[in-house]
Amino acid sequence: MNDYNRESHEAEQLLYNHWLELVQVEQPAELIGRFRTLFIHGIGYPDRTITDALEKIAASKHAQQEFKYILNRCCHIPINRWQTYPSKQAAIPELIAVFEEAPKIVIGYSRSRAVHSIPQLVNQFTESEQYLALKRLAKVISHSNEDSSNTKTPATLPLGSLIPRYPYLYKHCLLSHDSTYEQQTIIKKIQAQKQQEFEIDLSQYVAHQVRKAQIARRQTSLSFGRNIQHIKNPTLLSDPELFFALKQFVGKVEGADTYRQLAGRFRANTTTNQSYGSFKDDLYEYLISSVTDDRYGKCQFSEKLYNLLQNTFPHNDDRKFNEFLMLRTCSQLLNFLVVESPARPNHFVFIDLISNLGATQTTGLLLKIVLICSKVKPYLEKRLAILFGHYELCTREGVAWLIKALENLNLALSTNFGKVDVSFVR
């Protein structure tokens, strides 16, 4: 490491140590004020050594590439600590919102310049993947008052405001590729907490509705209404949609079998003695049996699905099936059925499925894949995170189909991979 790079690295470490020390002794409001003075106002910061360190970082020839990572880590130092204290968690969205005050600089500058102004670099940070993840985190932490405090109607709010509802998206939406192990641990903890809250709310609501229906049949609903407090539907689905989805995901869907039983039988009949080509034929039959719309299934989707599988690693067709091929095949299926990547966000098949089968049966198809190969569950979650990011700024009413899909997947994953038990609705 040359002297110039070493100086820049030392300045970076000085900045981190500064926040690590202060977060232990200062209140959140004081620390937020320091962030505003140093990074937004740019003048009047009380510690000149820190100002010099920041200027040295900004003067580095790598500033354009590295500054967003450095500032992201500076933000996470107080966030990581405040997250462990319930009384300080409300300060996290306030800290993140400070950067919304950054002046939006539109003056161009040459990439070859060695020195870049701090305001320009801070402005670049607000357009980065790192800051987008921070803003989503702020929504998750402050979600309880969001809809009630917003003057817009829920339908006109952006899809992004719903991120707190979907813990299975957190890993992919609240972290960036430079996230530290500590950041990943905190997001994992928040995810587990939100997932548990949803499962408890779902279990209580479903039990409440079942009991309510039972008492109503005995014609004592008036006394029931007086004695039992109202419990809110924890989903954005209507009651009929919610119970239809639950019966699909935990009840009998094909004859006397649940999705879990169908998957278990498929796995039991899949052996390493069969060829990969034979496995793909069996997989096609396993999946297409869920497409109950004969006209759509037989005329359009079945052919697409069959061709997709036939063209998946055809050079392996005569080889023996193995778990690696299972994983690769299921990943390819999810690319085809949902979306491939952020760079290629085409999702015509997914929209077509939802239009013809509905969000619940489409989710059932995805669930069948994850139940036979649980290792692709994070991969499926990533596909939905890509779509969420793609439509994040759209109004909720503009992407109602996607919201139904997200809600259904939340139910499917919670009832099949979580701890909630609503099997009594079968």
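No experiment lies behind these values; they were computed from the predicted model shown.

About the thresholds
Residues numbered from 1 in each chain as written. Predicted model: local features only at pLDDT ≥ 70, side-chain atom pairs only at ≥ 80, totals over all residues. Heavy atoms only, no water. Salt bridge = Lys/Arg side-chain N within 4 Å of Asp/Glu carboxyl O. Helix = DSSP H or I, 4+ residues; strand = E, 2+ residues; numbered from the N terminus. Axes fitted to C-alpha atoms, helices over the stretch in contact; angles between N-to-C directions. Parallel < 35°, antiparallel > 145°, perpendicular 65-115°, else oblique. Contact = heavy atoms within 4.5 Å. Expected span 1.5 Å × (residues − 1). Buried < 20%, exposed > 50% of the residue type's maximum accessible area, 1.4 Å probe, protein only.

(A) Region of interest: the pattern of salt bridges. One pass over the structure, following the stated rule, counts 14 salt bridges. For Asp52, the salt bridge identified is with Arg48, shortest N-O distance 2.8 Å. Of this pair, Asp52 and Arg48 both sit in helix α3 (residues 48-59), separated by 4 residues, roughly a single helical turn. Notably, a salt bridge pairs Lys377 with Glu381, separated by 2.8 Å at the nearest N-O pair. Of this pair, Lys377 and Glu381 both sit in helix α19 (residues 377-391), 4 residues apart, which is roughly one turn of the helix.

(B) Spotlight on the packing of helix α2 (residues 28-41) against helix α4 (residues 63-82). Taken N-terminus to C-terminus, the directions of α2 and α4 make an angle of 175°; their axes are 12 Å apart at the nearest point. In terms of orientation, α2 lies roughly antiparallel with respect to α4. Each of Pro28, Leu31, Ile32, Phe35 and Phe39 in α2 lies in contact with α4, whose residues at this interface are Leu71, Cys74, Cys75, Pro78 and Trp82.

(C) A look at helix α12 (residues 239-250). In this model α12 runs 16 Å from its N-terminal to its C-terminal C-alpha over 12 residues, within 8% of the 16 Å that 1.5 Å per residue would give. Leu242, Phe243, Ala245, Leu246, Gln248, Phe249 and Val250 are the residues of α12 that are buried. For α12, the secondary structure elements touched by its buried residues are α10 (181-217), α13 (259-269), α18 (359-372) and α20 (400-417).

(D) Summary view of the side chain of Arg136. Here Arg136 is to be found in helix α7 (residues 129-141). Residue classification places Arg136 among the buried positions, given a relative accessible area of 8%. Setting aside its immediate chain neighbours within four residues, Arg136 contacts Ile163, His172, Cys173, Leu174, Gly389 and Glu392.

Purely geometric stuff here, so don't read any function into it on its own.
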